[in-house]
Amino acid sequence: MKNLVNFKNVLLATVIFTASSCSILQPNNSLSVDTFPKFSYEGHRGARGLHPENSIGAMKIAIDLPKVTTLEMDCHITKDKKVVVYHDHFLNPKFVQYNDGKELNEQDKKNLIYDYTYEELQNFDIGSKFYEAFPDQEKTPTTINLLSELIEASEKYALEKRTEPMFYNIEVKSKPGKELEYHPRVDEFADLMLGVIVDAGIAERTVIQSFDIKAIQHINQFYPQIKTSYLISSLGEKNLEDHIKDLGFTPFILSPNYKIVTKDLVKQAHKLGMKVIPWTVNDKKEIAQLKSLKVDGIISDYPNLF
């Protein structure tokens with residue numbers, strides 16, 4: 001965490017120095033913008049359609065696919081304040097079972113990831129049970145990984161397989177109104193994640209995304225050189241510019257549900273200084289259609305479709 005403290009202090013000094021001149025519509029993109037992929041091909045949760053999600057194995061499959069530029073994943077915090085790679089707030093009985101193959105009991109179906117220590121989470125297998133939503137997913141015993149372990153394994157594998165390193169799109173899975181119940185305070189959640197990312201040496205290649213406005217606002221305030229992505233399911237009654245004004249700054253990326261992406265939305269986002277990377281597109285024709293609208297990337301459970 002010492003590296004994070006130093007990194008945070010340097011970035012905080014930067015934001016204090018520049019705060020008086022920054023518009024709320026100024027993109028948060030000062031860190032190595034030119035190195036970001038021209039088009040970001042992102043494996044959702046690694047390659048969820050092909051391998052157990054958010055696992056080292058899923059990341060390796062994505063790395064093996066030559067078009068994939070970016071590994072997308074989700075993070076939660078455990079009871080003992082470890083950062084783990086997992087999507088749902090709860091253990092999902094659709095694909096989680098015990099290591100001995102038995103189904104989850106009723107208590108474990110109700111418990112949150114935040115209720116368990118990292119060691120306790122090792123009692124669960126997230127990769128052997130048939131997952132109806134993804135029938136082509138390879139079945140193999142899989143445990144929930146620490147973010148640090150997953151990054152280390154991905155970096156090592158990419159070094160063996162590629163000439164260029166991978167980029168990362170990592171989600172803060174905080175939930176508005178659920179601080180200290182589903183997870184620690186949002187600022188602590190984000191700080192713990194950034195500590196791992198900075199220590200791993202991948203900060204310049206990482207985007208932090210969230211549906212939770214507080215999470216990316218915290219990143220923007222205290223780590224202004226870290227790229228952020230604002231996840232949205234819909235625009236609701238407001239236009240895009242109003243959403244960005246409410247956010248208080250312009251994120252590097254707008255990441256909408258692919259079903260709401262239109263030519264006009266892409267134009268508006270580009271005009272405001274944001275890239276547009278929709279989620280989660282699992283049909284080759286829809287991928288082609290979105291590319292024709294001039295989006296800047298695609299997130300897919302099936303990165304083999306790229």
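As a reminder, the structure under discussion sits directly above these lines.
Quantities reported herein were computed from a predicted structural model and do not represent experimental measurements.

Draft legend 1. Focus on the overall build of the protein. Helices and strands together make up the secondary structure of the protein, namely 10 helices and 12 strands. Looking at the protein residue by residue over its 306 residues, the buried ones come to 54%. Once local pairs closer than 6 in sequence are excluded, the contacts in the protein between residues at least 24 apart make up 65%. As displayed, the protein has an accessible area near 14000 Å², and 51% of this comes from carbon and sulfur atoms.

Draft legend 2. Local environment of helix 5 (residues 147-161). A rise of 1.5 Å per residue sets the reference length of helix 5, with its 15 residues, at 21 Å; its end C-alpha atoms lie 21 Å apart and thus fit the reference within 8%. When helix 5 is considered as a whole, its buried residues turn out to be Leu147, Leu150, Ile151, Ser154, Tyr157 and Ala158. Seen along its axis, helix 5 keeps its buried residues to an arc of 140°; they face one direction. Looking at helix 5, the residues exposed on the side facing more than 90 degrees away from the buried face are Glu152, Lys156, Leu159 and Glu160. Considering only its buried residues, helix 5 is in contact with helix 2 (56-64), strand 2 (70-77), strand 3 (83-85), strand 6 (145-146), strand 7 (167-172) and helix 6 (186-199).

Draft legend 3. Layout of the packing of helix 2 against helix 5. Orientation of helix 2 relative to helix 5, taken along the N-to-C sense of each, is 25°, at an axis distance of 10 Å. With respect to their mutual orientation, helix 2 and helix 5 come out roughly parallel. Handedness of the crossing formed by helix 2 with helix 5: right-handed. Touching Ile56, Met59, Lys60, Ile63 and Asp64 of helix 2 are Glu149, Leu150, Ala153, Ser154, Tyr157, Ala158 and Lys161, all from helix 5. When its residues are assigned to classes, the contact of helix 2 with helix 5 shows 7 nonpolar, 1 polar and 4 charged.

Draft legend 4. Highlighting the packing of helix 8 (residues 240-247) against helix 9 (residues 263-272). Between helix 8 and helix 9, the shortest axis-to-axis distance is 10 Å and the interhelical angle comes to 40°. The pairing of helix 8 with helix 9 is recorded here as oblique in orientation. The handedness of the crossing between helix 8 and helix 9 comes out as right-handed. Touching Leu240, Glu241 and Ile244 of helix 8 are Leu265, Gln268, Ala269 and Leu272, all from helix 9. Class assignment of the residues belonging to the contact of helix 8 with helix 9 gives a composition of 5 nonpolar, 1 polar and 1 charged.

Conventions and cut-offs
Residues numbered from 1 in each chain as written. Predicted model: local features only at pLDDT ≥ 70, side-chain atom pairs only at ≥ 80, totals over all residues. Heavy atoms only, no water. Helix = DSSP H or I, 4+ residues; strand = E, 2+ residues; numbered from the N terminus. Buried < 20%, exposed > 50% of the residue type's maximum accessible area, 1.4 Å probe, protein only. Contact = heavy atoms within 4.5 Å. Areas by Shrake-Rupley, 256 points an atom, 1.4 Å probe, with all protein chains shown as cover. Expected span 1.5 Å × (residues − 1). Arc of directions from axis to C-beta. Axes fitted to C-alpha atoms, helices over the stretch in contact; angles between N-to-C directions. Parallel < 35°, antiparallel > 145°, perpendicular 65-115°, else oblique. Left-handed = near helix turned anticlockwise from the far one by under 90°. Nonpolar A, V, L, I, M, F, W, Y, C, P; charged D, E, K, R; others polar.

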